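Coordinates in review
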Amino acid sequence: MLSCSTRTLFNASRFVRHASTKTLKETLQEVIPAKQEQLRKLKTDHLQAVVGEVKVENIIGGMRGLKAMLWDASVLDPNEGIRFHGLSIPDCQKVLPAAPGGKEMTAESMLWLLMTGRVPSEAESRQLSRELAEKGELPEFVEKLVDSFPTTLHPMTQLGMGVAALNHDSVFQAAYESGMKKSEYWTYTLEDSLNLIARLPALAARIYRNVYKPGMTMPAINRDLDLIGNYSALLGFGDNHNLTEYLRLYIALHGDHEGGNASAHTSHLVGSTLADPYLSYSAALFALAGPLHGLANQEVLRWQLAMQAELGSDVSHEQIKEYLWKTLKSGQVVPGYGHGVLRNPDPRFIALQEFCDAHPELQQSPVVALVKKTYEVAPDVLKEHGKTKNPYPNVDATSGCVLHHYGLKEFKYYTYYTVIFGVSRALGCLTQSVWARALGLPLERPKSLSLDALEKLIQ
Ligand SMILES: CC(=O)SCCNC(=O)CCNC(=O)[C@H](O)C(C)(C)COP(=O)(O)OP(=O)(O)OC[C@H]1O[C@@H](n2cnc3c(N)ncnc32)[C@H](O)[C@@H]1OP(=O)(O)O
Ligand SMILES: O=C([O-])CC(=O)C(=O)O
């Protein structure tokens, strides 16, 4: 049952599915002027309006809760979770086009929604898939660069370096050097962003092949497949329909999580210097690679497998409870639990759990079952522990364990999972890059204070 507010959103014309065959760029050309006007009015009429206060806890507490960024594509509610242009995850699952033969929303349809605030028609989404597939090959020098990395180098480091190297072909950078006008920034940023998103599957799959499956032949990019259909095929899982569908859902869901998360914020900060989208997204990937952020999906698998190795597969709630306490008493965090903003179970976690419930093979999986059992115990243990403001699971609590069941099992030095997150987060970060340029957002430069200066202010 849809909530009342959601039904209202569905009545709005921007969410009505239609037979349009516009390109993404044409659609952006339609929607940008109204947003520019909205921002212009804010600037002229309300520049000095007060929308909050800054407390010492914001300054020394990682800026939690500070309203200090403009980010239009998604908003995170602490209790309800993420909404993409007002649409919840279940709403998106209902209205965003799937790939032919699939049920899950595609990365392209999520990208379209994030960029334009509109639900694409099937034709628009397909046409974007084709455009991305046509642009998907890697330049030869990037292939050689990635092939030269030691296989012991973390896959996220490889991905970040590969993305940075792609800026060799940045049209934004080239146009900037030849003196493009400010009003043209967004079109070059869009072109770079689409080229980057198109190339991520080939780059990410090549890293997987080099580290985990040396010698594996990768197929050519298929122009009739969607971005993630191609990614799955390049990883060698093209025949596994359920894994491909899981990847589609995973990548659409992880696409954006408003602006303050570490990867999105990094991308926006670097982009605000007018560094091109390759450089700003490369920086974002290095933020995503930290264990408190995207790397938590690797840490969850490591932790759940260690629990399984110690306790066996048929484990009781009581044993999980003891294992959780052991983790906490050793001073470690429970990976996959807690969040900087959320105060309820992450709806992305719920959506992935629902995917597991709908796929019988996943219900047979010991590691997927362990994730579920852990969820039945961990919130109460974390509440009793009393430190974390959010004792509930975030998306990382489940995402990697499902991939493990489907055959992405390799744990050679590291897992590959955060790279998949890195393919996804490009959707939101690059949407923001385009909009930051379309709206003419300035260089980010907050004020910092020394401890002495802060004390003086309090007195
Ligand atoms: C896609 C994503 O990025 S989702 C997040 C992925 N990260 C993880 O799952 C790692 C585990 N979780 C955590 O470390 C944290 O919950 C974070 C980093 C996600 C959020 O951090 P914060 O906003 O600072 O959380 P919060 O305000 O609740 O922290 C208060 C205290 O609880 C602790 N805490 C928070 N989560 C946990 C946890 N899962 N297990 C144990 N302790 C925790 C914090 O370390 C902190 O302890 P301290 O006072 O000794 O420094
Ligand atoms: O919002 C956050 O801080 C972390 C997170 O869940 C994400 O980036 O997906």
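Residues numbered from 1 in each chain as written. Chains lettered and ligands numbered in written order. Predicted model: local features only at pLDDT ≥ 70, side-chain atom pairs only at ≥ 80, totals over all residues. Heavy atoms only, no water.

- By the naming in an unreviewed UniProt entry, the protein chain goes by Citrate synthase and is assigned to Mycena chlorophos.
- Quoted verbatim from the Subcellular location (unreviewed entry) heading of the UniProt record, the comment on the protein chain is "Mitochondrion".
- Quoted verbatim from the Sequence similarities (unreviewed entry) field of UniProt, the annotation for the protein chain is "Belongs to the citrate synthase family." (UniProt positions renumbered as here; feature names shortened; annotations may be inferred.)

**Looking at the site of ligand 1**
- Close to ligand 1 lie 20 residues, the nearest being His 293, Gly 336, Tyr 337, Lys 387 and Lys 389.
- Residue Leu 292 places a main-chain N or O atom 2.8 Å away from a nitrogen atom belonging to ligand 1.
- Lys 389 is positioned such that a nitrogen or oxygen atom in its backbone is 2.7 Å from an oxygen atom of ligand 1.
- For ligand 1, whose free accessible area comes to 920 Å², the fraction covered by protein is 76%.
- The class makeup of the residues in the shell around ligand 1 is 9 nonpolar, 7 polar and 4 charged. (Near = heavy atom within 4 Å. Polar contact = N/O pair within 3.5 Å; in protein donor to acceptor, adjacent residues only side chain to side chain. Areas by Shrake-Rupley, 256 points an atom, 1.4 Å probe, with all protein chains shown as cover. Nonpolar A, V, L, I, M, F, W, Y, C, P; charged D, E, K, R; others polar.)

**Topic: the packing of helix H12 (residues 241-253) against helix H17 (residues 347-358)**
- The interhelical angle for the contact between H12 and H17, taken along N-to-C directions, is 170 degrees, at an axis separation of 11 Å. In terms of orientation, H12 lies roughly antiparallel with respect to H17. Taking contact as the criterion, the partners of Asn 242, Glu 245, Tyr 246, Leu 249 and Leu 253 in H12 are, on H17, Arg 348, Ala 351, Leu 352 and Phe 355.
- For the contact of H12 with H17, a count of residues per class yields 6 nonpolar, 1 polar and 2 charged. (Axes fitted to C-alpha atoms, helices over the stretch in contact; angles between N-to-C directions. Helix = DSSP H or I, 4+ residues; strand = E, 2+ residues; numbered from the N terminus. Parallel < 35°, antiparallel > 145°, perpendicular 65-115°, else oblique. Contact = heavy atoms within 4.5 Å.)

**A closer look at the site of ligand 2**
- The immediate surroundings of ligand 2 are formed by His 257, Asn 261, His 293, His 339, Arg 348, Phe 421 and Arg 425.
- One of the side-chain nitrogen or oxygen atoms of Arg 348 is found 2.7 Å away from an oxygen atom of ligand 2.
- Arg 425 has a polar side-chain atom sitting 2.7 Å from an oxygen atom of ligand 2.
- Considered on its own, ligand 2 offers 270 Å² of accessible surface; in the complex 83% of this is hidden by protein.
- Grouping the amino acids of the shell around ligand 2 by side-chain chemistry returns 1 nonpolar, 4 polar and 2 charged.

**Topic: the nonpolar core**
- Counting residues in each nonpolar core, the largest one holds 122 residues, and the members touching the most others are Leu 28, Met 110, Leu 159, Tyr 231 and Tyr 416.
- In terms of residues, this core owes the most to one element, helix H10 (residues 185-212), which gives 15 residues.
- With residues up to four places along the chain from it excluded, the contact list for Leu 159 reads Leu 200, Leu 203, Ala 204, Ile 207, Leu 285, Val 419 and Gly 422. (Core = buried A, V, L, I, M, F, W, Y, C linked by side-chain atoms within 4.5 Å. Buried < 20%, exposed > 50% of the residue type's maximum accessible area, 1.4 Å probe, protein only.)

**Description of the environment of Val 381**
- For Val 381, the location among the structural elements is in helix H19 (residues 366-385).
- Relative accessible area serves as the criterion here: at 2%, Val 381 is assigned to the buried category.
- Distance from Val 381 to Ile 320, taken between C-alpha atoms, is 9.9 Å for residues 61 residues apart in sequence.
- Filtering out sequence-adjacent residues up to four positions away, Val 381 remains in contact with Lys 321, Leu 324, Trp 325 and Leu 328.

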